[in-house]
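# What the coordinates show
Okay, here's what each chain looks like letter by letter:
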Amino acid sequence: MANVGGDPSHLSGGAASLHASGTALEHLGGTLTGAGRSVSGSAGEPALVAAAERFFSAWSTLVTDTGTQLRAAGQLASSAAADLATAGGGH
Amino acid sequence: MGFELPPGDPDALLGALGTIGSVSGDLKTQGESTRRGFAQALATWKGPRADDFRGASAGLQLQVSEAQSTLDRAVADLDGYARVLKAAIAEIRHLESQAHHRRTQADSDAASLPSDSVEATQIQQHAAQAVGLLESQAEEERQKVRRAAAGLVGVLNAGTALAVPGGEKLSAGDLARRVHQMSGVDGISRAIAAGTLTGPQAWAALDTPSKALKPEEINTDGSIDWKKLADDVREQEKEDHENPAKALLDGSLDAWTLATAPTGGWALARLAIASRNFALAKAALPLDVMKLSQAALDEGRILETPAQAIDSVEGLLTLTDADVAAFQADAALSSAAENVVRSGLPEVLDGTVGKLFVGLGFLGDGLTLADPHSATDDKWDAGVNAAGLAMTTETGSTLVAGGLEATGLVAADAAVGWVPVVGWGLVAVTAGYEVYKHWDTVKSWGVDAWHGTEWVAGKAWDGISSAASGAEHGLEDAAKATGNFISDHLPHISLW
């Protein structure tokens, strides 16, 4: 790829960190989905239940998707590091 | 309706909120890891796509920050609602018990009397009236819950609209699909797991976050320039305020339109919309929920009781008796304040005089909250008053914003336009508390704790003094007296 230039070890370290954060966020999104269902199930007032369902659906999905996006970012950084290492480093 | 209980299970609700509070804490941790990961990768990535990656970095960090801060707010307000619900259920049960006792007593009293006697009839009539009154009280309790729920619907809808503009009108299922559509991650999870994700697929998944912020709102290491972002959001809000047609247009934009805008910075309109939505929703929130939600606003932790919330502040920050006595007896402060009062109270709180009073109000509220001898009710009044100052006045917002910027904390709050409550009510005097809570941020600047405290307090003071600049002679004296008191007494405040 012609889209890199830099230190492969830094890029690899950043890639691993992003991948780990992404995985953690995907897990947190799942936890949030479950907790959101519990909130909706115990809130009582019908209008509040509906609002809570929407709120937690949106945010749990967004957290999960952000995790996936971070993993994609990690993979891009990882690929960039690999390309750079193949090219012998440098800028 | 009698003594029917309102629907809902407050204990189960509080339990679920505890879990969400933990998720929020973990999001904060992951947000920091994300910042470090991008910074590390970008430190030496100099290729042509580095700017795209930097933009995605800031956009994703914004998403994590928004999620964390929005969940914190929702948890705090839902916590307040759960406590209103719990109190209402307990009260209605108590009322029902009283009614039962009253009926039993009446039956007992009338038992020895002829059933058609005037006295027996009166006993039963009085009992029926008393029970009717108790039933009315039960209905009032149910009304409290309904009002609280209605207020919470507004807050949650505002939070939903922050994630997906217009999302408050969609079903939960449609919302999830819309978020997937916005984030562009459909199908790539499997590709990542299988190791088949292609570069174009990965870049496509970063397309939306990469366009969230303007390049000038992004630091070189891929983090967000929160101060610039906060300024831009405020400017956007101002433009919307001055141009209702533009505000209407912004408000009508759905997420997809915003996300596919050709230029960067689409998050701005979304944030400005959310800011307005939150302000409106908060203004409609019943006071009892607002009061109780304070308890959950300390670092996103769910505190059991208001007293524990106060204890948490007191545990970190204590004023000596001498500090409190000095404030109460400070001749310069009293004299200056009296002069201001004599010169005429402001008709509008945000007038020049009002600005000073807002500053003084923060100072007084902060002292009341921090004074270990203040009554609990006084502390809640001070907290709510401070919150009111912060939320309802331009000056209060300015002071709060100043405190946020000073502590580098605009991250969570500028993003959604919230004006937090008790913590920021303490801006003038308890700046040290904020330094403590966000010690990691302060530490990263290489300043020690004490100097960080003084610096933040100085920023708060700058806000007060600049608000009074150009004021009549008496105002400047009062502003100086306030500042002198802060500088004289802040060193005595014990943080740890």
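This structure is a prediction, so every number in the text was calculated from the model and none was measured.

## A closer look at the overall build of chain A
- Counting secondary structure elements, chain A contains two helices and zero strands.
- Counting the 91 residues in chain A, one finds 57% classified as buried.
- Restricting the contact set of chain A to residue pairs at least 6 apart, pairs at least 24 apart contribute 88%.
- As displayed, chain A offers around 3,000 Å² of accessible surface, 57% of which is attributable to carbon and sulfur atoms.

## Topic: the packing of helix 1 (residues 8-42) of chain A against helix 1 (residues 10-44) of chain B
- Where helix 1 of chain A meets helix 1 of chain B, the axes come as close as 8 Å, and the angle between the chain directions of the two elements is 165°. Put simply, helix 1 of chain A runs roughly antiparallel to helix 1 of chain B. Of the two possible hands of crossing, helix 1 of chain A and helix 1 of chain B adopt the one that is left-handed.
- Residue composition of the contact of helix 1 of chain A with helix 1 of chain B, by class: 18 nonpolar, 15 polar and one charged.

## Re the confidence of the model for chain B
All names here are of chain B.
- On average, residues of chain B score 67 in pLDDT, and 49% of them are at 70 or above.
- Here helix 20 (residues 422-425) is the element of chain B with the lowest mean pLDDT, 30, and helix 1 is the one with the highest, 93.
- Note on residues 252-263: pLDDT is under 50 here. Beyond four places in sequence and across chains, it has 19 contacts.
- Counting interchain partners and residues more than four positions distant, the pLDDT-below-50 stretch residues 490-496 has 27 contacts.
- Confidence metrics for the complex model read pTM 0.64 and ipTM 0.92.

## Regarding the side chain of B:Gln61
Residue and element names in this part refer to chain B.
- Structurally, the position occupied by Gln 61 is in helix 2 (residues 50-111).
- A distance of 2.9 Å separates polar atoms of two side chains, one belonging to Gln 61 and the other to Ser 57.
- Setting aside residues up to four positions removed in sequence, Gln 61 forms contacts with Thr 34, Arg 35, Phe 38, Gly 222, Ser 223 and Ile 224.

## Observations regarding the packing of aromatic side chains
- Tallied over the full model, the rule gives four aromatic pairs over all chains.
- Aromatic side chains A:Phe55 and A:Phe56 sit 4.9 Å apart centroid to centroid with 85° between the ring planes, which places their arrangement in the edge-to-face category.
- Judged by relative accessible area, which is 1%, A:Phe55 ranks as buried.
- Taken together through their ring pairs, the aromatic side chains of B:Phe38, B:Trp45, B:Phe53 and B:Trp203 make up a single cluster.
- Over the face of the ring belonging to B:Trp203 we find B:Arg49, whose NZ or CZ atom lies 3.8 Å from the ring centre.

## A few points about the environment of B:Glu216
- Looking at the element boundaries, B:Glu216 is found in the loop between helix 7 (207-210) and helix 8 (226-242).
- For B:Glu216 and B:Leu229, which are 13 residues apart along the polypeptide, the C-alpha to C-alpha distance reads 8.8 Å.

## Concerning the interface of chain A and chain B
- With 54 residues of chain A in contact, the opposing surface of chain B contributes 70 residues.
- A combined buried area of about 5,100 Å² lies between chain A and chain B, and 74% of that area is made up of carbon and sulfur atoms.
- The largest per-residue losses of area from chain A upon contact with chain B belong to A:Arg54, A:Trp59 and A:Gln69, which jointly make up 13% of the total buried on that side.
- Taken together, the connections running from chain A to chain B amount to zero salt bridges.
- Seen at the junction of chain A and chain B, the total is 17 residue pairs in polar contact (both at pLDDT 80 or more).
- Taken together, the elements giving at least two residues each to the side of chain A that touches chain B come down to helix 1 and helix 2 (46-86) of chain A.
- With 26 residues, the top contributor of residues to the side of chain A that touches chain B is helix 2 of chain A.

## Things to note about the pattern of salt bridges
Residues and elements named next belong to chain B.
- By the definition in use, this model includes 15 salt bridges over all chains.
- A salt bridge links Asp 51 to Arg 54, with the nearest nitrogen and oxygen atoms 2.5 Å apart. Here Asp 51 and its partner Arg 54 are both found in helix 2, three residues apart, which amounts to about one turn of the helix.
- Residue classification places Asp 51 among the exposed residues on the basis of a relative accessible area of 54%.
- Judged by relative accessible area, which is 15%, Arg 54 ranks as buried.
- The salt bridge partner of Lys 169 is Glu 168, with a shortest N-O separation of 3.6 Å.
- Salt bridges here are not isolated pairs; linked through shared partners, they connect Glu 32, Arg 35 and Arg 36.

Thresholds applied
Residues numbered from 1 in each chain as written. Chains lettered and ligands numbered in written order. Predicted model: local features only at pLDDT ≥ 70, side-chain atom pairs only at ≥ 80, totals over all residues. Heavy atoms only, no water. Helix = DSSP H or I, 4+ residues; strand = E, 2+ residues; numbered from the N terminus. Buried < 20%, exposed > 50% of the residue type's maximum accessible area, 1.4 Å probe, protein only. Contact = heavy atoms within 4.5 Å. Areas by Shrake-Rupley, 256 points an atom, 1.4 Å probe, with all protein chains shown as cover. Axes fitted to C-alpha atoms, helices over the stretch in contact; angles between N-to-C directions. Parallel < 35°, antiparallel > 145°, perpendicular 65-115°, else oblique. Left-handed = near helix turned anticlockwise from the far one by under 90°. Nonpolar A, V, L, I, M, F, W, Y, C, P; charged D, E, K, R; others polar. pLDDT = per-residue confidence, 0-100. Polar contact = N/O pair within 3.5 Å; in protein donor to acceptor, adjacent residues only side chain to side chain. Phe/Tyr/Trp six-rings, centres within 6.5 Å; stacked < 30°, edge-to-face > 60°. Lys NZ or Arg CZ within 6 Å of the ring centre and 35° of its normal. Buried area = accessible area lost by both parts, 1.4 Å probe. Salt bridge = Lys/Arg side-chain N within 4 Å of Asp/Glu carboxyl O.

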